[in-house]
Amino acid sequence: MSTGDHERTHESNRERERERERERNADATFGDDYGGQYVPEALMPALQELEDAYERYVLENEDGFMDEFHERMRDFGGRPTPLQRADRLSERYDREIYLKREDLLHGGAHKLNNALGQVLLAKYMGKERIIAETGAGQHGTATAMAAAHLDMPCEIYMGRTDINRQRPNVYRMRMNGAEVNPVTAGSGTLKEAINETMRDWATTVEHTHYVIGSIVGPHPFPKLVRDFQSVIGDEIREQIREEAGRLPDSVVACAGGGSNTMGTFHAFVRDDDVDLYAVEAGGSSLEIDAEEGLAPNSATLSTGTDGVLHGAMTKLLQSEEGQIVESHSVSAGLDYAGVGPELAHLVETGRVTPVNVDDDAALNGFHRLSNLEGIIPALESSHALGYLERAAGTAADTSSGQRPRDEHTDELGDLVVVNVSGRGDKDLETVLEETEKRDLEAAPDVEVFDA
Amino acid sequence: MSDAVTENEYDSDVEAAIRENHPALITYITAGDPSLEDTKEYVEALDRGGSDLIELGLPFSEPIAEGPTIQAAINRALAAGTTPEGFFELVDDLETEAPLLVMTYYNMILQYGGSEAPRASDGRAAKPRDKPEVRPFVERAAGAGLSGIIVPDLPAEEAGPLRAACDDHGLDLVFIIAPTTEGQRLDDIMSQVSGFAYVQARLGTTGARANVSSATHESLARLEEYDVPKAVGFGVSEGDHAAEIVEAGADGVIVGSALVDIIAEHGSDTGAAAERLEAKAAELKRGARRGADSLTVDGEDAPEPEQP
Ligand SMILES: Cc1ncc(COP(=O)(O)O)c(C=O)c1O
């Protein structure tokens, strides 16, 4: 072979290599930067195995995987969930308001869509053990249910603080046969639980699958979780066409990690006329206390900066130096310093509008839906309802300490869908406690509860 | 630190430190545990004790590759207010014979030297700052005299930008080889080894262990065909481990948690901790030598250790 030939082969090898890399990157990221696989080397082969399984079973329905998933979501999960016209809210806001009732899914939240999908996938992959992190306990509960349903051993990592404030969910997990491992590191909440689950996975990766609980983590998790959750938006699309004869003007969902959010939005991303609002937890304030390493909110999309956490490049609540700060929200399920990389990307491109409401507005949203519609929503979902009030409410009442009407008021349009991602039974203790401390306009008299 | 010998036949100070001091001892402690002043004394003690390379951990709040020992050290360092700038100032001051490496998580590298993080004080969405960049960190690291970087949450696939910056500044970017690294990925990573291959002795997180894992022997056998310096870490805590690992074909051993344990035990008694660190390093180095000697004495078909 002449030198020229040799060089040409070398060149074309390099070209092919670059091409492969481009393809891989195109897959692993949203846009140029968000996403990726920032994990310890030991986990890379497992991620590649998962990518392969994702492609074959989820994207290509190999062995009828997705058929089995949908069938089990119907029989075990109770899908499809209704899209219900909210009569009182429609009247109050002078437009058509529809609620997607994920609170009616088995387990009481959208979390089962993902948990069942991933446990089933683990089974198809021949894995023998399931681990998961949980914050509020909703994902842990859903995973424990799915694991029992599919006969897989299951261990859940949960922060000590969260265990103390979400006892009923701990009991539910134990009832379904899962081990619950308390995590005492740091503030003992979701972030620490994810750290510890990743450490377990780095040890047991050869036979264990990590069922991550939101659209976060390294590729392919954000896409995998989104695809299992996107059943929400797919159903909404069909249901709203049937009910209203057209697509909605806007769709509103709360966002912690963002799995109910992307699950609701995914089917509408291509419809430029449908506005998408991701409602984050404004907590008690949007300021970061750098000294204490604390953000009294979890409004990552609105106030975060780019960085790498838990395997992905995304928006984060962090100090200037790159330390992750402790987030806070009255709702444990939104209490996280990161957010899914796909949402970070869609916010950057302007397709998704990030907004946030504070603890008070969320609590009012909780009471209003309970009171007016007979539906007790999860505190997470209550943020979406709190936003609805701010954007569409009669709220000339800036006097009552309410924020003024939102700039998006007229943009919400005449036909609005709100995702009620879960039911609020788990939150009653918190709501009573927090309501007693405040003067909330929408709250009933809670004094009767005092013994 | 003083400039290490650069006129040698090797690609870098790091590789030279391992080849020329074969079998090499690589030691790790967390910077700022319990304070940066103490760290200075501890590094000097490890240097005196016979470390051939020293890794300094720059603490990050979410150390997912770390076991309880180093997690606790990182918490102590963060509680003591350790910052990247403080870390670099420490390194500016250090004069060691052993080249120094920084071990930290990717986000710390990305955020260094960034403009001030925006604050959403008026409740509106903050203006996002420019995309984070790895170069300011690498420039500062090179300026401080560091010889290399190890990033436990940065696999080769994501390392392009950092690798390029390190190349430009003459720093090594050390990759980790896990027990699960095999096939094409193993080939790819071994073909771009920089400094040395960090061979992870077992699955899981860092932490001192009572024995040498079977995975260590399997990994070293699997890596035998690659002619690059290999150092084994994760769980090594005693001279006898060092001997066994070197005997199994490693060019060096990496010890962290066992040293961090010593620091934790002594609390504020810096002098006593420094003494024990020096002694521990010497024990580990002796162990490594023992392993190498047993190879040259009775190892018929064992590979000759590289001697300068
Ligand atoms: C009912 C409900 N909604 C929303 C969330 C937030 O998660 P995500 O943002 O991934 O939908 C949770 C998390 O626990 C939840 O339980």
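Procedures and definitions
- Residues numbered from 1 in each chain as written.
- Chains lettered and ligands numbered in written order.
- Predicted model: local features only at pLDDT ≥ 70, side-chain atom pairs only at ≥ 80, totals over all residues.
- Heavy atoms only, no water.
- UniProt positions renumbered as here; feature names shortened; annotations may be inferred.
- Domains from an automatic or database assignment.
- Contact = heavy atoms within 4.5 Å.
- Buried area = accessible area lost by both parts, 1.4 Å probe.
- Salt bridge = Lys/Arg side-chain N within 4 Å of Asp/Glu carboxyl O.
- Polar contact = N/O pair within 3.5 Å; in protein donor to acceptor, adjacent residues only side chain to side chain.
- Helix = DSSP H or I, 4+ residues; strand = E, 2+ residues; numbered from the N terminus.
- Nonpolar A, V, L, I, M, F, W, Y, C, P; charged D, E, K, R; others polar.
- Near = heavy atom within 4 Å.
- 1 Å grid on protein atoms, 1.4 Å probe; cavity = no way out; pocket = protein on both sides within 12 Å on 5 of 7 lines; lining within 4 Å.
- Sits in = over half its atoms within 2 Å of the grid points.
- Expected span 1.5 Å × (residues − 1).
- Buried < 20%, exposed > 50% of the residue type's maximum accessible area, 1.4 Å probe, protein only.

An unreviewed UniProt entry annotates chain B as Tryptophan synthase alpha chain of Natronobacterium haloterrestre. Per UniProt, the comment on chain B under Subunit (unreviewed entry) is "Tetramer of two alpha and two beta chains." Of the comments in the UniProt record for chain B, the one headed Catalytic activity (unreviewed entry) reads "(1S,2R)-1-C-(indol-3-yl)glycerol 3-phosphate + L-serine = D-glyceraldehyde 3-phosphate + L-tryptophan + H2O".

Within an unreviewed UniProt entry, the label attached to chain A reads Tryptophan synthase beta chain, and the organism entered is Natronobacterium haloterrestre. Taken verbatim from the UniProt record of chain A, the Function (unreviewed entry) comment is "The beta subunit is responsible for the synthesis of L-tryptophan from indole and L-serine."

Here we look at the domain arrangement of chain A
Residues and elements named next belong to chain A. Partitioning chain A into domains gives domain 1 (30-76 + 111-225) and domain 2 (83-108 + 230-445). One C-alpha centre belongs to domain 1, the other to domain 2; they are set 24 Å apart. On the side of domain 2, 38 residues touch domain 1, which itself brings 38 residues to the contact. Here domain 1 meets domain 2 over a buried area of about 3000 Å², counting both sides, of which 61% is carbon and sulfur. It is Y34, K191 and I215 that lose the most area in domain 1 upon contact with domain 2, and together they represent 25% of the buried surface on that side. The interface formed by domain 1 and domain 2 holds 2 salt bridges in total. Between D335 and R165 there is a salt bridge, with its nearest N and O atoms 3.4 Å apart. Applying the counting rule to domain 1 against domain 2 returns 12 residue pairs in polar contact (both at pLDDT 80 or more). Listed by contribution, the elements that provide at least two residues to the side of domain 1 that touches domain 2 are β2 (34-35), α5 (111-124), α6 (138-149), α7 (160-165), α8 (167-175), α9 (190-204) and α10 (221-229). For the side of domain 1 that touches domain 2, the leading source of residues is α9, giving 6 residues. When the residues that make up the side of domain 1 that touches domain 2 are grouped by side-chain class, the tally is 17 nonpolar, 14 polar and 7 charged.

Some details on the side chain of N260 of chain A
Structurally, N260 of chain A can be placed in helix α12 (residues 259-265). In contact with N260 of chain A, not counting residues within four places along its chain, are H110, I232, A253, C254, N419 and S421 of chain A.

Side note on the site of the ligand
Residues and elements named next belong to chain A. In the vicinity of the ligand lie 18 residues, with S214, G256, G258, S259 and S421 positioned nearest. The backbone of N260 places a nitrogen or oxygen atom 2.8 Å from an oxygen atom of the ligand. One can see that the ligand is located within the largest cavity. In terms of domain composition, the shell around the ligand takes at least three residues from each of domain 1 (30-76 + 111-225) and domain 2 (83-108 + 230-445).

Here's the deal with the interface of chain B and chain A
Taken together, the contact between chain B and chain A spans 48 residues of the former and 46 residues of the latter. Across the contact surface, chain B and chain A share 4 salt bridges. The closest approach of N and O atoms between E41 of chain A and R185 of chain B, which form a salt bridge, is 2.6 Å. Our enumeration of links across chain B and chain A arrives at 21 residue pairs in polar contact (both at pLDDT 80 or more). Mapped onto the side of chain B that touches chain A, the elements with two or more residues apiece are α3 (68-79), α5 (106-111), β6 (176-177) and α8 (183-190) of chain B. If you tally residues by element for the side of chain B that touches chain A, the top one is α5 of chain B, at 5 residues. The residue inventory of the side of chain B that touches chain A, partitioned by class, reads 25 nonpolar, 12 polar and 11 charged.

Regarding α9 of chain A
When the terminal C-alpha atoms of α9 of chain A are compared, their 21 Å separation across 15 residues agrees well with the 21 Å that a helix rising 1.5 Å per residue should span. Of all 15 residues that make up α9 of chain A, 13 are buried, and the element is covered over most of its length.

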